[in-house]
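The primary structure of each chain is shown beneath.
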Amino acid sequence: MKKTIYSNNLFISIISTVVMGVVCLVIAIGTITITSSKETFLEVFSESQKKIFDQIDSEFYLFYRDMAEITEQVSESAYVKNYLSGEFENQLEERNCILELKRVIDNSVFGNYLDCSILLAGKTGRTYMYKGSEMLIMSTDEIMQSGISLDAMEQAQSMVVSSMENGFTTMTAHTPVIVFARAIGDEGVVYVTIHEEKFREMYSYFTSNTSDIIIFNQSGKIISSNKSVFSSEESEEITKVLKEMEEKKVSHLTVKKGLDIKLYQIQRFQNTGYKILGIINPNKAFEEKYNIRIILLMTVVITLAVASVLWRVVRRLTRPLYQLVDTMARVGEDNLEVYAQETGTPEIRQLSHTYNNMMQEINSYIQKILYVEEEKRKAEIHALQMQINPHYIYNTLASIKFLVWQNDMEKATKMIDAFVSLLRNTISDKNKFVTVEQDIRNLQNYVFINQVRYGEHIKVEYFVAPDCRLCMIPKLILQPFVENAFFHAFPENQNGYIHVFVRKENSHLKIDIKDNGVGIEREKVLAFKNNKELKREHFNGIGINNVDDRIKLIYGEKYGIDMESEEGKGTAITILFPLDEV
Amino acid sequence: MKLKKLAALLLAGVMTLGLTACGGGGGDTTTSKEDNVITIWAWDEAFNIKALNVAKEMYEDINPDVEVKIENMAQTDIVQKLNTSLASGTYEGLPEIVLIEDYRIQGFLTGFQNEFADLSDIASASDFVAYKTGVNQIDGKLYGIPFDSGVTAIFYRADLVEQAGYKKEDMQNITWDKYIEIGQAVKEKTGVHLLTVDPSDVGQIRMMLQSAGAWYTDEEGNVDVADNQALKDAINTYVKLMKSGVVKEAVGWDQLVGAMNNGEVMSNPTGCWISPSIKLADEQSGLWAVAPFPRMAENPDSVNASSCGGAGWYVLQNVGDTDAAKDFLKNTFASNVDLMNQLVEDIDLVSTVNAAADVENYKKGIEFYGGQEVFGDLIEWQNNVPVVNYGANTYRVEDKIEEAVQKILAGEDMQKVLDEYQKQIEAEVQ
């Protein structure tokens with residue numbers, strides 16, 4: 001598992017980097033976009049709020065103007081004053097007055113305002129309700145003593161407006177109202193009452209649960225707002241904001257409270273001097289307009305989609321790469337013949353191709369090196385084969401001279417013949433390989449010379465299978481073993497024999513050299529192969545120690561020599577060659 | 001700025017995409033009102049609204065799924081709003097059920113017949129007192145459920161009458177002349193006026209007319225003023241009354257009720273719906289009595305019975321849940337005798353449902369009226385009310401009649417004035 005993860009490291013890195021990149025990008029773009037569109041939204045909102053305010057302003061102005069007109073017409077009517085005074089010469093006059101009073105209101109624009117009601121109240125205690133089908137809930141005195149009546153009387157000529165918890169009549173007993181009042185000379189007051197709820201309709205369709213509107217009268221008192229109740233905290237804040245805006249002389253103010261942002265916008269109504277305050281909660285409004293949750297959802301969906309597409313694409317792209325990596329991992333000391341499949345993108349194909357080329361180059365280079373090495377060693381061995389130890393030559397010549405001096409001419413002649421033949425085969429014959437027959441002949445010559453020189457107490461016998469006579473073996477390959485047996489197996493001129501057997505076995509050529517000498521100590525058998533000692537008396541430079549190397553170099557690991565020795569009984573050398581018949 | 005707009009646009013685009021992807025199941029917002037909610041408009045908190053609240057309570061037991069909303073409004077507002085909305089075909093804010101006065105319903109039914117639901121399937125005209133259903137029907141279809149009776153009577157202070165040397169018997173089946181005579185005696189003795197009159201409302205003339213089986217218009221709906229003997233008799237009686245010195249001017253409901261509750265007048269000859277308002281003055285309990293409406297001595301057709309006001313329930317068929325509205329009326333005002341019985345107690349209702357004539361509460365003596373079995377009397381008088389076709393223009397005509405009466409009161413020749421107004425009214429109405 002760990003290996004899988006490790007081996008998928010690249011894939012995971014790409015995927016995670018890209019996914020992280022996408023997420024970062026989405027977050028960054030999302031944030032920037034939302035922030036900037038929020039600002040735009042705020043600007044647009046604030047602009048539209050201004051238009052809304054203008055709209056409300058003009059609507060309110062018309063309404064206010066009509067209210068002012070109605071109350072003015074009523075308050076200036078002589079019939080009204082007469083009616084409130086209650087002083088009539090006769091009942092007919094009173095009747096007349098009442099009918100005329102009704103006509104004054106009938107002829108005013110009051111008829112346009114179904115939701116309004118008119119009440120007249122006089123200091124004399126007389127009241128009049130236009131088309132009144134309601135009852136007063138308080139006495140005339142109480143009405144006249146109410147705040148709005150006192151205000152109206154004080155500001156004799158102008159209309160006063162006030163919002164009240166409830167009106168004067170049964171119909172408005174439990175509902176907030178807005179009352180427009182104006183003094184009727186010194187006699188009383190005319191009131192036009194509208195349910196605050198109805199008044200609110202004038203602007204409430206501009207409000208929402210994210211924006212509030214409050215209307216203030218000239219003296220800064222709240223006349224109406226789309227929200228019936230503001231908490232004390234809220235009204236405190238509103239008062240504070242109003243003050244701050246007045247001090248700074250600005251029409252906008254943004255108040256931040258932690259994450260909660262509120263935008264206040266105030267506008268003064270033309271003509272009426274009323275003020276309208278808009279409060280919006282931009283975050284909430286924005287959330288309503290822009291569904292953040294959907295944005296998040298879309299982000300996740302898009303990211304997942306991109307990631308899954310990426311997954312496939314990157315996987316497809318990296319698979320050949322991984323194959324290449326696997327292929328490369330299989331390359332070892334013993335195995336260089338590993339080639340990659342050339343698939344995938346052009347880059348990876350090129351890479352695989354280059355790798356394959358490289359492997360080929362390396363392989364052929366190594367082959368070349370091996371070949372050169374081998375040739376070098378062969379040349380070296382050949383050089384050694386071609387050499388004859390000069391001491392051997394001196395000593396042999398000295399032996400011949402001795403024979404001559406003894407006048408043993410026959411023997412001297414034979415010895416010279418053997419020596420010449422040996423020299424010819426060694427130095428003159430350029431062939432590296434000779435037949436078994438030839439090499440045995442060389443060996444016989446060598447043995448003859450040795451026997452002349454050292455005596456004949458060691459007998460050498462040759463048993464060559466007839467079908468082996470023409471097999472090819474390296475020249476002088478057997479000589480070092482016989483030499484070794486001559487000089488080490490029979491100390492103190494012991495009698496003994498050396499047998500050389502040549503035969504075929506299992507399609508190999510097997511040559512055994514056995515002696516019945518003293519044998520070689522166990523330690524020496526092990527040391528045998530590493531024996532570097534070069535005896536002065538060696539025939540040539542090839543010691544028995546490197547015969548094995550020679551054979552292996554020429555024929556491969558399967559071939560070579562084996563040695564068995566037992567102290568006091570003798571030594572057996574076995575040499576294995578491939579069959580190489582002429 | 002441009003960049004920001006672009007960004008906003010981009011965002012909007014992406015979001016539209018998102019919304020389209022996620023939307024689909026979103027609810028569409030229609031302007032139609034929700035089902036199972038019915039709104040009812042009516043006036044008079046002490047009477048109609050109270051009755052509605054009782055009916056609502058009873059209906060909740062029958063059909064708890066329907067929410068009934070009751071809105072108290074001035075009658076003039078209801079009339080104006082209905083007129084405006086129906087004329088312009090905008091139904092927003094209109095109720096399913098509306099209470100309309102008998103005098104006005106013909107105007108609505110002739111003007112906007114298609115706006116009102118045919119109620120023939122939940123009630124029939126014969127279920128109600130005869131004089132009430134004349135105005136509810138067009139082409140044999142019943143469009144309204146008659147509600148309160150407008151049967152008139154003299155509601156009077158028996159104690160004051162007695163102080164002036166008269167007895168209760170002296171109040172029975174009297175003429176207007178006798179009524180004025182008693183009033184003058186009471187005024188002299190106690191200083192209390194006989195009755196209040198609102199100069200801008202000639203309701204007394206209207207009642208006198210119906211007592212004689214006449215109206216401002218004839219059977220065919222033609223203006224009948226100049227040659228209307230009953231009208232002339234009524235105006236004469238009215239002038240007599242006005243000049244008798246026993247009338248107190250009172251403008252509007254507040255002053256009308258106030259005058260009675262404060263003991264400023266000794267009586268009020270008007271529709272029986274005034275009773276709950278009279279009863280507002282607890283301290284006057286036992287002092288009041290009820291007598292038949294006065295007749296006009298000059299007019300042989302005039303009887304001691306008339307009607308004033310009274311209204312019916314109507315269903316607007318293009319507004320909201322018409323079926324729920326019909327079901328509400330069917331189970332309450334159209335048939336529910338238990339409801340009527342309860343309303344007799346709660347608001348002194350004189351029901352116009354025939355089946356309710358025998359309900360228990362009608363037989364009770366009313367303590368406020370000195371133990372008199374007022375309802376039994378009112379029901380009896382109700383049956384004597386002459387049937388009149390109010391036509392479609394009662395109040396428009398009456399506005400003019402007011403002016404005419406004012407002129408006659410000021411001394412102008414009655415025939416001359418009426419001739420003039422016959423033309424004026426014809427011009428206005430036709």
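Structure's up top.
Residues numbered from 1 in each chain as written. Chains lettered and ligands numbered in written order. Predicted model: local features only at pLDDT ≥ 70, side-chain atom pairs only at ≥ 80, totals over all residues. Heavy atoms only, no water.

**Brief notes about the environment of glutamate 59 of chain A**
Residue and element names in this part refer to chain A.
- Considering the arrangement of structural elements, one finds glutamate 59 in helix α2 (residues 9-76).
- Classification of glutamate 59 as partly exposed rests on a relative accessible area of 24%.
- The spacing of glutamate 59 and methionine 202 is 143 residues in sequence and 7.3 Å in space, taken between C-alpha atoms.
- The residues contacting glutamate 59, other than those within four sequence positions of it, are Met202 and Tyr205. (Helix = DSSP H or I, 4+ residues; strand = E, 2+ residues; numbered from the N terminus. Buried < 20%, exposed > 50% of the residue type's maximum accessible area, 1.4 Å probe, protein only. Contact = heavy atoms within 4.5 Å.)

**Some words on the interface of chain B and chain A**
- Between chain B and chain A, the contact holds 42 residues from the first and 38 residues from the second.
- Both sides of the chain B and chain A interface together cover about 3400 Å² of buried area, and 62% of this is carbon and sulfur.
- Put simply, chain B and chain A have 1 salt bridge between them.
- Lysine 102 of chain A is the salt-bridge partner of glutamate 402 of chain B, the closest N and O atoms lying 4.0 Å from each other.
- Elements that contribute at least two residues to the side of chain B that touches chain A include exactly α1 (2-22), α3 (75-88), α9 (229-243), β9 (247-249), α10 (252-261) and α15 (394-409) of chain B. (Buried area = accessible area lost by both parts, 1.4 Å probe. Salt bridge = Lys/Arg side-chain N within 4 Å of Asp/Glu carboxyl O.)

**Quick notes on the sheet that holds strand β6 (residues 144-146) of chain B**
Residues and elements named next belong to chain B.
- Pairing within the open sheet is mixed, and its 5 strands lie in the order β2-β1-β3-β12-β6. The open sheet has two free edges, formed respectively by β2 (67-72) and β6, since each of these has just one partner strand. Strand-to-strand twist of the sheet, defined as the mean angle between neighbouring strand axes without regard to direction, takes the value 25 degrees.
- Bridge count between strand β3 (residues 97-101) and strand β12 (residues 311-315): 5 bridges; the pairing is antiparallel. Pairing of valine 98 across the sheet is with tyrosine 314, part of β12. (Pairing = 2+ DSSP bridges. Axes fitted to C-alpha atoms, helices over the stretch in contact; angles between N-to-C directions.)

**Thoughts on the packing of aromatic side chains**
Residues and elements named next belong to chain A.
- For the coordinates displayed, the defined rule picks out 39 aromatic pairs over all chains.
- On the numbers, 5.1 Å between centres and 45 degrees between planes, the contact of phenylalanine 60 with tyrosine 274 is tilted. On the criterion of sequence distance, the pair formed by phenylalanine 60 in helix α2 and tyrosine 274 in the loop between β9 (260-268) and β10 (275-280) is long-range, its members being 214 residues apart. Both residues of the pair, phenylalanine 60 and tyrosine 274, count as buried.
- Among the aromatic residues, those joined into a ring-pair cluster are Phe60, Phe63, Tyr64, Tyr113, Phe180, Phe199, Tyr203, Phe269 and Tyr274.
- Taking the ring centre of tyrosine 83 as reference, the NZ or CZ of arginine 126 above it sits at 4.4 Å. (Phe/Tyr/Trp six-rings, centres within 6.5 Å; stacked < 30°, edge-to-face > 60°. Lys NZ or Arg CZ within 6 Å of the ring centre and 35° of its normal.)

**Looking at a nonpolar patch on the surface**
- Side chains of Met358, Ile362, Ile366 and Leu370 of chain A sit close together on the surface and give an oily, nonpolar patch of about 320 Å² of accessible area.
- Mapped onto the fold, methionine 358 of chain A is located in helix α11 (residues 346-386). (Patch = residues over 30% accessible without salt bridge, like charges linked within 9 Å, V, L, I, M, F, W, Y side chains within 5 Å. Areas by Shrake-Rupley, 256 points an atom, 1.4 Å probe, with all protein chains shown as cover.)

**Some thoughts on the packing of α9 of chain B against helix α16 (residues 414-429) of chain B**
Residue and element names in this part refer to chain B.
- Put simply, α9 and α16 touch, their axes get as near as 12 Å, and they point 125 degrees apart. Compared by their axis directions, α9 and α16 come out oblique. You can see that α9 and α16 cross each other, and the crossing is right-handed. When α9 is examined against α16, the residues Lys232, Ile235 and Asn236 are found in contact with a partner set consisting of Met414, Gln415 and Leu418. (Parallel < 35°, antiparallel > 145°, perpendicular 65-115°, else oblique. Left-handed = near helix turned anticlockwise from the far one by under 90°.)

**Focus on the pattern of salt bridges**
Residues and elements named next belong to chain A.
- The final tally for this structure, using the stated rule, is 28 salt bridges over all chains.
- Across the pair lysine 102 and aspartate 106 runs a salt bridge whose closest N-O atoms are separated by 3.9 Å. Of this pair, lysine 102 and aspartate 106 both sit in helix α4 (residues 91-107), separated by 4 residues, roughly a single helical turn.
- On the accessibility criterion, lysine 102 (12% relative accessible area) is buried.
- The salt bridge partner of lysine 123 is aspartate 186, with a shortest N-O separation of 3.5 Å. Here the residue lysine 123 occupies a position in the loop between β1 (116-122) and β2 (127-129), and aspartate 186 occupies one in the loop between β4 (177-184) and β5 (188-195), the gap between them amounting to 63 residues.
- Since its relative accessible area comes to 56%, aspartate 186 is described here as exposed.
- Each of the salt bridges in this network shares a partner with another, and the network as a whole consists of Arg503, Glu505, Lys510 and Asp512.

**Section: a negative patch on the surface**
All names here are of chain B.
- Among the surface-exposed residues, Glu57, Glu60, Asp61 and Glu67 lie close enough to one another that they form a single negatively charged patch.
- Counting residues per element, the negative patch draws most heavily on helix α2 (residues 45-62), at 3 residues.
- Mapping glutamate 67 onto the fold places it in strand β2.
- The class for glutamate 67 is partly exposed, based on a relative accessible area of 43%. (Lys, Arg positive; Asp, Glu negative; His and termini not counted. Charge placed at Lys NZ, Arg CZ, Asp CG, Glu CD.)

**So, the environment of lysine 248 of chain B**
- Structurally, lysine 248 of chain B is set in strand β9.
- Classification of lysine 248 of chain B by relative accessible area gives partly exposed; the value is 24%.
- In sequence terms lysine 248 of chain B and glutamate 264 of chain B are 16 residues apart; their C-alpha atoms lie 8.4 Å from each other.
- Leave out the neighbours within four places in its chain, and lysine 248 of chain B touches Gln91 of chain A together with His193, Leu195, Thr196, Val197, Ala259, Glu264 and Val265 of chain B.

**A word on the sheet that holds strand β17 (residues 570-578) of chain A**
All names here are of chain A.
- Taken in spatial order, the 5 strands make up an open sheet running β12-β14-β15-β17-β16, and their pairing is mixed. The outermost strands of the open sheet, each flanked by one partner alone, are β12 (458-464) and β16 (560-566). Adjacent strand axes in the sheet meet at a mean angle of 15 degrees when their direction is disregarded.
- In the packing of helix α14 (residues 436-454) onto the sheet, the strands contacted are β12, β14 (496-505) and β15 (508-515), and the crossing angle to β12 comes to about 170 degrees.
- Relative to β16, helix α17 (residues 547-555) is tilted by about 150 degrees, and along the sheet it contacts β16 and β17.

**Thoughts on unusual backbone geometry**
- Even without a glycine there, the phi angle at leucine 476 of chain A is positive, about 60 degrees.
- With respect to the element layout, leucine 476 of chain A can be found in the loop between β13 (472-474) and α15 (479-489).
- Owing to a relative accessible area of 4%, leucine 476 of chain A belongs among the buried residues under this scheme.
- Despite not being glycine, aspartate 44 of chain B has its phi angle at roughly 70 degrees, a positive value.
- Inspection of the secondary structure puts aspartate 44 of chain B in the loop between β1 (37-42) and α2.

**Re helix α8 (residues 232-248) of chain A**
Residue and element names in this part refer to chain A.
- In this model α8 runs 24 Å from its N-terminal to its C-terminal C-alpha over 17 residues, within 8% of the 24 Å that 1.5 Å per residue would give.
- Regarding α8, the residues found buried are Glu237, Ile238, Val241 and Met245. An end-on view of α8 places all buried positions within 105 degrees of arc, on one side of the element. In α8, the exposed positions angled more than 90 degrees off the buried face are occupied by Ser232, Glu236, Thr239, Lys240, Lys243, Glu246 and Glu247.
- Residues of α8 that are buried in the fold lie against β6 (211-216), β8 (252-257), β9 and β10.
- Looking one or two residues beyond α8, the residue adopting positive phi is lysine 249, at roughly 55 degrees. (Expected span 1.5 Å × (residues − 1). Arc of directions from axis to C-beta.)

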